[in-house]
Amino acid sequence: YKLSVSPEMDIMEYCRKEWRGNTPAAKRMRKGYEAVAQKFASIRRIRGDNYCAFRATLFQALSQATQLPRWLQSEDFTMLPENLLSKYDWIKQWQLRQKPGKRMRETSDEIKEYLILLRKKWKNISEIKGPLEKQEACDKLFKNEEEEYSLYEALKFLMLNTAIELYNADKSGRRVPVFSWLLFARDTSPNPCQLMHNHLNHIGHSGGLEQVEMFLLAYTLQYTIQVYRLYKYSTDEFITLYANDPEEDWPVVTLITEDDRHYNIPVRMCQETML
């Protein structure tokens, strides 16, 4: 059985194990890890399936959650699947995890269950005061495969909702973030329906999140996702923030990637950084 989030390991020890050679790539990675080690002491490896961007982001968000985000508090949050399906018939083709060919009502009910679970877990974990107990609760959640994957399905559906909102806002002449133009400028996602068919339905099955979808995830969660992109060490893109124009009060989660495909998480901020 693969752990979803491995126990923590010293960050430089991990780097020495992974990047032994003297190739330019190995040297760059080591420099990148050294830079991360200025801020964080340890690393936790994230299970490498096509959900790893969700897994890393959600784990970090829940690990530091102290309250329920505003968008999870709204009264009609759990009515979202029903409301969207009543407006957009094409959402019936939403691909549920390993459960293709479900009827519309069941799809809507199932997604509703995922959203309720997401709210419940976020609320429970954010109410835990002690950092150790909070960490234990997160570890426990990410060992429960059924619940874990249900949360990713909830996130995917929320991303679709955000995409629909952005698309409609742009069409009616309201200001939208730059990534939204890029998202719908792709041949494969000129509108939310195609985004669902060609991208969201495949996340976790045959593909992970592309760069522009990392922005969509950040915008959906109302979190800034800060990523150390190690292969970009010594360029402007070494530390990339997903959400170009985040609101002031958006919390920040930090991830590490060596290739923009797989994500791990740095943990234990060094004392000086915290001060």
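For the chain, the name recorded in an unreviewed UniProt entry is OTUL thioesterase, with Hylia prasina as its organism. Taken verbatim from the UniProt record of the chain, the Subcellular location (unreviewed entry) comment is "Cytoplasm".

### Topic: unusual backbone geometry
Even without a glycine there, the phi angle at Gln222 is positive, about 60°. Looking at where Gln222 falls in the secondary structure, it is placed in the loop between α11 (211-221) and β3 (224-229). With relative accessibility at 27%, the residue Gln222 sits in the partly exposed group. In this model, Asp260 sits at a positive phi of 65°, which is unusual for a non-glycine residue. Note that Asp260 resides in the loop between β5 (252-257) and β6 (263-269).

### Focus on the pattern of salt bridges
Enumeration over the complete set of coordinates arrives at 17 salt bridges. Taking the shortest distance from any N to any O, the salt bridge between Glu18 and Arg45 comes out at 3.5 Å. Remark: Arg45 occurs in the loop between β2 (40-44) and α3 (52-63) and Glu18 occurs in helix α1 (residues 11-18); sequence separation between them is 27 residues. The salt bridge involving Arg229 is made with Glu237; its shortest N-O contact spans 3.4 Å. Relative accessible area serves as the criterion here: at 39%, Glu237 is assigned to the partly exposed category.

The rules behind these values
Residues numbered from 1 in each chain as written. Predicted model: local features only at pLDDT ≥ 70, side-chain atom pairs only at ≥ 80, totals over all residues. Heavy atoms only, no water. UniProt positions renumbered as here; feature names shortened; annotations may be inferred. Helix = DSSP H or I, 4+ residues; strand = E, 2+ residues; numbered from the N terminus. Buried < 20%, exposed > 50% of the residue type's maximum accessible area, 1.4 Å probe, protein only. Salt bridge = Lys/Arg side-chain N within 4 Å of Asp/Glu carboxyl O.

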